[in-house]
Amino acid sequence: MAKVELKGITKIYDGNVLAVEKSNVTIEDKEFCVFVGPSGCGKSTTLRMVAGLEDITAGELLIDGELMNDVPPKDRNIAMVFQNYALYPHMTVFDNMAFGLKLRKVDKAEIDRKVKEASRMLDLDNYLYRKPKALSGGQRQRVAVGRAIVRSPKVFLFDEPLSNLDAKLRVTMRSEISNLHHRLQATMIYVTHDQIEAMTMGTKIVVMSEKRIQQIGAPLYLYNHPINKFVAGFIGTPPMNFFTLKIAEKGGQVVADEGSFVLIPTADQQKHLKAYVGKEVWFGIRPEDLHYQNKPSTENNMQLKVTNKEPLGADTHVFVQIKDKSIVARVAPHIEVQLGESINLTCDMEKAKFFDLKTEINICEPEIKNTWSSPK
């Protein structure tokens, strides 16, 4: 397969409209790399530049060490799976999958072998002579993937391929595409706005926002060590809670004071927060790191009023109020809380994050700045 390198890739449209700014990322051979971020962040434009469907304004794109900036899409040996399937409605499944091979004048016997091998892999054997209108959304997406497989490309590109499917089918197709990656041992680049897809499918995640890469890393690394407030809030479901605290010194310790409660950072956090004494910072805590207590704990306790709750079976999301902000705690399903009741929640400070109020950079983990390719 192939190694893909983006070196300072930039895209500027007519009218000086910036779409992607100085993206630097290396996708190793056989990696499943997911570009994730909100709409308009530049992830699909980046994928289209890799595919050759968009010109590169600045920077270099290399596939297996070869410069691809001016190479036509058909000569890049890549295959792309689109959001809308892009199937020919008048052709059968077989002909849709075989179309690219026929254009290349591949031998008929070889076409038949490759199409049937891909159809077995994707469980499409019984649908080869149907037309797309007779297929479900998931089956059509399999055909689009099969059309890519038969070409034996160096790189597979996926542009939000599951966004048109219903929630249940998306879960199934996530698993199928992941299994396909393991079977083919192929280099795959996948674009999505859904962070659950990114977390469950990618071996490497590239988080984008505001036209630039925010952080690159393995899924759990990004979850546990976000470079900034955006990444911390984007990766994770429900998202991380944020509210402001004032850093102060009390009794020889650096503490974080909300007004109605005081939190005591870990020794390592205190070391980094010392420079912020007298200033406000963003405090971040994930819902699963807020622990329900029957009685107030002696340290890092918050007594907050319940404003809403969502029983989900395996757990319950309890919403509480901090001044004008609502935050959520994930608690065990057997815990009974009432709307309007004040409950005690303890922060797991080992998991807590502190972010600069203006730059929104993670204050207490400076070492992860090395993974950030395009700082502001």
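Here is what the cut-offs are and how they apply
Residues numbered from 1 in each chain as written. Predicted model: local features only at pLDDT ≥ 70, side-chain atom pairs only at ≥ 80, totals over all residues. Heavy atoms only, no water. Buried < 20%, exposed > 50% of the residue type's maximum accessible area, 1.4 Å probe, protein only. Helix = DSSP H or I, 4+ residues; strand = E, 2+ residues; numbered from the N terminus. Pairing = 2+ DSSP bridges. Right-handed = clockwise from strand over helix to strand, strands pointing away. Axes fitted to C-alpha atoms, helices over the stretch in contact; angles between N-to-C directions. Contact = heavy atoms within 4.5 Å. Lys, Arg positive; Asp, Glu negative; His and termini not counted. Salt bridge = Lys/Arg side-chain N within 4 Å of Asp/Glu carboxyl O. 1 Å grid on protein atoms, 1.4 Å probe; cavity = no way out; pocket = protein on both sides within 12 Å on 5 of 7 lines; lining within 4 Å. Points joined across faces, edges and corners; volume = space filled by probe spheres on them. Nonpolar A, V, L, I, M, F, W, Y, C, P; charged D, E, K, R; others polar.

Student: Mind showing me how you'd approach the pairing of strand β7 (residues 155-159) here?
Tutor: Each regular strand displays side chains that alternate between the two surfaces of the sheet. In terms of burial, β7 is a largely internal element, five of the five residues being buried. Relative to strand β8 (residues 187-192), β7 runs parallel, the two being bridged by five bridges. Bridged to Phe156 within β8 is Met188. Since β7 and β8 lie parallel, the crossover through helix α5 (residues 167-184) that links them has a hand, and here it is right-handed.

Student: It is not clear to me how the sheet that holds strand β3 (residues 32-36) should be interpreted in this structure. Could you clarify?
Tutor: Pairing between sheet strands relies on hydrogen bonds along the backbone, with the strands arranged either parallel or antiparallel. Strand order in the open sheet made by the six strands is β6-β7-β8-β3-β9-β10, with mixed pairing throughout. In the strand order of this sheet, the two ends are held by β6 (78-81) and β10 (212-217), each with one partner. Going from strand to strand, the sheet's axes swing by 15° on average, the running direction of each strand aside. Relative to β10, strand β9 (residues 204-209) runs antiparallel, the two sharing five bridges. Within β10, the position partnered with Val206 by the bridge is Ile216. Contacting β6 and β7, helix α4 (residues 137-149) runs over the sheet at an angle of about 175° to β6.

Student: Whenever I open this one, the side chain of Arg147 confuses me. Can you help?
Tutor: When you line up the elements, Arg147 lands in helix α4. Buried and without a salt bridge, Arg147 has Asp95 as its closest oppositely charged side chain, separated by 12 Å. Contact partners of Arg147, with chain neighbours within four places excluded, come to Tyr85, Ala86, Leu87, Asn96 and Met97.

Student: Can you walk me through the layout of surface pockets in this structure?
Tutor: A water-sized probe rolled over the atoms picks out the places where empty space is left. Here the largest pocket defines a volume of roughly 520 Å³. For the largest pocket, the lining is made up of 19 residues, of which Ile78, Ala79, Met80, Gly100 and Arg151 are closest to its centre. Looking at the lining of the largest pocket, the elements with two or more residues in it are β6, α2 (93-103) and α4. Of the residues in the lining of the largest pocket, the class split is 13 nonpolar, one polar and five charged.

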